[in-house]
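Now for the letters of each chain:
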Amino acid sequence: MRRHHCTTSTRRKQVQPSLAQLCRRLCDMEPDEDLHPDRDDLPLRANTNHILVRHYVLDLRVNFDRKVISGSVVLFLEPCSGLETEAEHDIGPGSGTKEADGGQDVSVCKSHNVDSLEDDTKGHVETTTRMEKMFGAGERDGAEFQDLSSTGSQTAAETENIQSSHSWESTSAGDFTLVLDCCDLDVSKVEEVDIAFVSAKSPLLPEVASERSGVRSVNPQADFIQNLICTSSSRWRQKQQLFLLCSRAPGAQDGSSLRFYTDRWSLQVRKKGVTSPQEFPRALRIWYETRPTGGSVRWTKDQDNRVCVYTAGSPINNRALFPCQEPPVAMSTWQATVRVPSECVVLMSGEEQTVPIEDGDTRSLIWNYYVTMPMPASTFTLAVGHWHQVTAEIPPVLEKGVRDRTDWCEEAKLEARPGEWTESDLMSGLGTSVSEVVKGSPVKTGSGDQTTRSDSAFCYSSLEDDGPSVTDYSGMVDDGISCSHGDYPCRFTEQAARSQRVIPHRVFGPVCLLQKAQTGVLKLLPRCLAAAHAVLGVHPFPRLDVLIVPAGFSSLGMASPHIIFLSQSVLCAGSPGSGENSLSLCGSRICHEIAHSWFGLVIGARDWTEEWISEGFATYLEDIIWAQAQQLSFQEAAEQSDLKALLRWRRLSDELQNSEEALQILRPNMENTGQVSESGSSTVKHALNPDKTFMQVHYLKGYFLLRFLASQVGEKQFITFFRLFVKKYHGQLILSQDFLRMLLITFPGMERKGLTLGAIYADWLDRPGIPKWLYERSAVWSQARLVEEVKAEVVKWILLSQSHQGKGRKRKRIETKVNYKEVTSEQLVMLLELLLEEEELSVAAMRALKRTYNLQMQDAEIRHRWCELVVKHADNRAYGDVEHFLLHDQAMGVYLYGELMVQEDAEQQALARRCLSSVQEEMDQSARRVVEEMVL
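Treat the numbers as computed from the prediction; the structure is a model and nothing was measured.

### Some remarks on the confidence of the model for the protein
In step 1: Across the protein, the average pLDDT comes to 79, with 73% of residues at or above 70.
In step 2: For the protein, the element scoring lowest by mean pLDDT is strand 17 (residues 442–443), at 28; strand 15 (residues 382–385) scores highest, at 98.
In step 3: Within the model, pLDDT remains below 50 along residues 399–457, and this stretch shows 157 contacts once partners closer than five positions in the same chain are excluded.
In step 4: Per-residue pLDDT stays below 50 along residues 474–478; that stretch engages in 9 contacts with residues further than four places along the chain or on separate chains.

### Things to note about the pattern of salt bridges
Any two side chains of opposite charge can pair, given that their charged atoms come close.
In step 1: Counting across every chain of the model gives 32 salt bridges.
In step 2: The salt bridge partner of Asp186 is Arg291, with a shortest N-O separation of 2.8 Å. Of this pair, Asp186 sits in strand 5 (residues 185–192) while Arg291 sits in the loop between strand 8 (283–290) and strand 9 (297–301), placing them 105 residues apart in sequence.
In step 3: Exposure remark for Arg291: the relative accessible area of 11% places this residue in the buried category.
In step 4: In this structure, Arg285 engages Glu191 in a salt bridge whose closest nitrogen and oxygen atoms are separated by 2.5 Å. With Arg285 in strand 8 and Glu191 in strand 5, this pair connects stretches of sequence that are 94 residues apart. Taken individually, Arg285 and Glu191 each receive the classification buried, so the pair is uniform in this respect.
In step 5: Bridged by salt links that share partners, the residues Arg650, Glu833, Glu837, Glu861 and Arg865 form one connected network.

### Points about the sheet that holds strand 15
In step 1: Strand order in the open sheet made by the 4 strands is 9-10-15-12, with antiparallel pairing throughout. Strands with a single pairing partner mark the edges of an open sheet, and in this sheet they are strand 9 and strand 12 (345–348). Strand after strand, the sheet turns through a mean of 15 degrees between neighbouring axes, direction not considered.
In step 2: Pairing analysis gives 2 bridges linking strand 10 (residues 307–311) to strand 15, with the strands arranged antiparallel. Within the sheet, the bridge partner assigned to Tyr310 lies in strand 15 and is Ala383.

### Remarks on the packing of helix 26 (residues 879–888) against helix 27 (residues 894–902)
In step 1: Relative orientation of the contacting elements helix 26 and helix 27 amounts to 140 degrees, with a least axis distance of 9 Å. The orientation of helix 26 with respect to helix 27, classified from their angle, is oblique. Of the two elements, helix 26 crosses helix 27, and the hand of that crossing is left-handed. Side by side, helix 26 and helix 27 meet where Val882, Phe885 and Leu886 of the first sit next to Leu896, Tyr897 and Leu900 of the second.
In step 2: Residues that form the contact of helix 26 with helix 27 fall into these classes: 6 nonpolar, no polar and no charged.

### Things to note about helix 14 (residues 634–657)
In step 1: In a regular helix each residue adds 1.5 Å, so 24 residues correspond to 34 Å; helix 14 covers 34 Å between its end C-alpha atoms and thus fits that length.
In step 2: For helix 14, the tally of buried residues reaches 18 of 24 residues, placing the bulk of the element in the interior.

### Examining the layout of surface pockets
In step 1: Taken as a whole, the second largest pocket encloses approximately 910 Å³ of empty space.
In step 2: Lining the second largest pocket are 36 residues; nearest its centre among them are Thr300, Lys301, Ala551, Glu922 and Met923.
In step 3: Among the elements of the structure, strand 9, strand 10, helix 26 and helix 29 (925–935) are those that each provide at least two residues to the lining of the second largest pocket.
In step 4: Element by element, the count of residues in the lining of the second largest pocket is highest for strand 9, at 5 residues.
In step 5: Tallied by class, the residues present in the lining of the second largest pocket amount to 12 nonpolar, 12 polar and 12 charged.

### A closer look at unusual backbone geometry
In step 1: Notably, Asn317 is not glycine yet its phi reads approximately 55 degrees, a positive angle.
In step 2: Relative to the elements of secondary structure, Asn317 occurs in the loop between strand 10 and strand 11 (332–340).
In step 3: Classification of Asn317 as buried rests on a relative accessible area of 1%.
In step 4: Positioned with a positive phi, Asn854 is a non-glycine residue whose angle comes to about 50 degrees.
In step 5: Of note, Asn854 is situated in the loop between helix 24 (843–853) and helix 25 (860–872).

### Let's talk about the packing of aromatic side chains
In step 1: Per the stated rule, a full pass over the model turns up 35 aromatic pairs.
In step 2: An angle of 75 degrees between the planes, with centres 5.3 Å apart, marks the rings of Tyr56 and Phe322 as edge-to-face. Here Phe322 lies in the loop between strand 10 and strand 11 and Tyr56 lies in strand 2 (residues 51–63), a separation of 266 residues in the sequence. Neither residue differs from the other here; Tyr56 and Phe322 are each classed as buried.
In step 3: Pairing Phe617 with Phe739 gives two aromatic rings, centres 4.8 Å apart and planes at 80 degrees, and the pair type is edge-to-face. One end of the pair, Phe617, is in helix 13 (residues 612–629); the other, Phe739, is in helix 18 (residues 736–746), and 122 residues separate them in sequence.

### Description of helix 5 (residues 220–229)
In step 1: A large share of helix 5 lies buried, amounting to 8 of its 10 residues.
In step 2: For helix 5, the full list of buried residues reads Ala222, Asp223, Phe224, Ile225, Gln226, Asn227, Leu228 and Ile229.

Thresholds applied
- Note on numbering: residues in each chain are counted from 1, in written sequence order.
- Whole-chain, interface and lining totals are the exception, using all residues; otherwise, since this is a predicted model, local features are given only for residues with pLDDT of at least 70 and side-chain atom pairs are given and counted only at 80 or more.
- As a convention, hydrogens and water are excluded, and side-chain values are obtained from all of the structure's heavy atoms.
- Scored between 0 and 100, pLDDT is the confidence that the predictor attaches to each residue.
- Helix and strand definitions here come from DSSP, where helices need a minimum of 4 consecutive H or I residues and strands a minimum of 2 consecutive E residues; each element is numbered from the N-terminal end.
- Throughout, a contact is declared for two residues whenever any of their heavy atoms are within 4.5 Å.
- Salt bridge, as used here, is a side-chain nitrogen of Lys or Arg placed within 4 Å of a carboxyl oxygen of Asp or Glu.
- Remark: exposure states derive from per-residue accessible area (1.4 Å probe, protein chains only) relative to the maximum for the residue type, with buried under 20%, exposed over 50%, and partly exposed in between.
- Only when DSSP finds a minimum of two bridges between them are two strands counted as paired.
- Under this scheme, a helix contributes an axis fitted over its contacting stretch, all axes are lines through C-alpha atoms, and angles between N-to-C directions fall in the 0 to 180 degree range.
- Angles below 35 degrees are treated as roughly parallel, those above 145 as roughly antiparallel, those between 65 and 115 as roughly perpendicular, and all remaining angles as oblique.
- Should the near helix be turned counterclockwise from the far one by less than a right angle, the crossing is left-handed, whereas a clockwise turn marks it as right-handed.
- Three classes are used, and their members are as follows: Ala, Val, Leu, Ile, Met, Phe, Trp, Tyr, Cys and Pro are nonpolar, Asp, Glu, Lys and Arg are charged, and the others, Gly among them, are polar.
- Take the residue count of a helix, subtract one, and multiply by 1.5 Å to get its expected span.
- In this analysis a 1.4 Å probe is tested at points of a 1 Å grid over the protein atoms alone, and where it fits but cannot get out there is a cavity; an open set with protein on both sides within 12 Å along at least five of seven lines is a pocket; lining residues have an atom within 4 Å of a point.
- Grid points are joined across faces, edges and corners, and a volume is the space filled by probe spheres set on the points.
- Two rings from Phe, Tyr or Trp (for Trp, the six-membered ring) form a pair when their centres sit within 6.5 Å of each other. Planes less than 30 degrees apart are called stacked, planes more than 60 degrees apart edge-to-face, and all others tilted.

Have a look at this one:
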């Protein structure tokens, strides 16, 4: 059986697809019936080389009774200046400095006449009431529209799509098609948005575009959208206000309705007579509804048995949440309005803490979020539930389990004005995202003109007075930043952000886990944030929320802009006197997710198959950041790192022995990495392969590649290089060669030793298996001091077991007194792994082992190994520990199901089936399928 002790799926897959031949007609597609979701590659259909979504405005309503999210999304589009072919696609060094829009550098977009935006804001306020009456609040009835897709049930929609497929292909063959990534959505209407009134009253006058070209424009609305897209980031707030006003404009009434068609993986839109992306409408509104079984959204219950929903971070990312462009090259900004039941909390990717506004008609709450940094659509994250904020002191009423709303949410509701979110609210502060209920002096925490308040809802650290440890890297390079990305309000250029070691942060979870989250996550978070700043510099995002997600969450953690999902498995039950040692898993996991802010989010992979760029980097950095957070000396940090390296080596070696070679390659598209078809469509290799779902090769092999490179130049110099790399590439998408070429240029001595780009590809990225260096280095790690200490303890346990294995002795055995050395969490994991290699352990030794280390109260990594021992040696007195693990640590329990079944022990198999029956409704769909194949 494969060993999957710590499966994780941290995003963030900002990554672009591999090359595939889906070319058929303009949309470059193959028939859907040829794709099987469990065994084939994931298609990315969006024609991003033709046209790009630059901004999304979502207006959504969450319905827990029906398990759907319904509403609309308005897309603001920009045609690409030229069509980029594979031969023209720049995959050389520095290619990440371009926004991937068909080869166009977005820096060529210039803002015109935007200095008057702020002065004219008052004029907008005066017209908003009349506009609201004309446009409505965005809640329009999609049933009035009849087109090629049915507005009825899923079956009816599929039937009509089949019937209309031929008509779709034959009647508009010459028209341009906008292709969006979409699945498991019921689209009822697609309409062009008529922004004539907004553009006529806006300081962004359409004449500006014609002045730029010297020719009077025949499409002033298109020019207005183009000017809006290119507006300087110094006017980001007014820019988003105008996006919102445009999104509320009515549909075009010129009689030329848009035609659309949905297949399994895409939504396709045409306008009759429009033959090029340049002529295509620049603002579209799509009315749709998610499906309860959609792969992007998880409807479940939290640990308090309260309903909740969150985006799942699945292989298909957000295409089952809203129609979008999934390839990471389609970076965009967004803003969202989410309506939920009044007792719910909405957490989302957003640059400011939001305060809900009560809808006077429905008594629901309206939450508003926005981002100004262009990001791939896959990074959009949403969570809605009955969660409570974890504070330094848990109120007694919550400790007793009272299901009540959090204090901060209640206060916000009392202060908020009842009624619909009006345009005047918007114009006076974009929905007033900052808490109005806590008084304090303004504190600069954001970008551009963004100001938030010192807010008790956020936790701040007292670490500013703490001195740096001996491993503090923060002074190694000059923090002067020269941005190479497109124009957006960037924290890397803010002087205040450079000294902000700990960004404002909050922790949320169900009532029953508040105490554990307080002693673990809330305690460690400021230390880990400060440590990450010491290692990598400026925090890319102005704030952070952490949510303890439901038990069915399929990984230990997932990082998104401004929000981290953590599994309850990282929370330690705690044992008397365990102290800091019990927080190792929680701390290292927090550091891993924080590291994704730099590698995975603010720097993303341009090819989705190069997952190692995100996961390998975060795995490597978690050790360095966690050591910094613990204030370890250089020697202590090195010893801890070597022990973890040995544990990872054992895991990787075992995984590679039990997986197909095609899944062991970090760059599966090799020299074709980063290439796409003429339209920009492609597939993600192995994305839907269920065997890959629970593999960690991109984490582990990528981690070891970085350790190898660090060994060639020195760890301190390597971290210095990381900071330089972040300075150059933040806000951009990269390929492996961007990182490796900059490294080889920075350290020319590497090539003189034979470490060329081609050699690194051949040894690490383009081949299965394990490089020679890793074999050699693992032998050194196995003899490290901390490992030798563990080996000595293992001998004691083997001798104890053997002393209890004699036969024919009827006298009561006297318990042997053994002095066991205190070990760290990582050492205990290694001890249990080495004991797993023993053919026999006596029942007495097993019980003594559990008692000595209080194993049932240790972290999930330790308890997983303990459960493996219990299963292997059929210790039925400890089956309760196995059952508890399978019920409460679902993110790590998949492997244990296989072990229970393979032993062919009736009692163990019954245990596996009983546990599956208890949790199958809340399990992640992928994990459930894998377990059901093993158990049923």
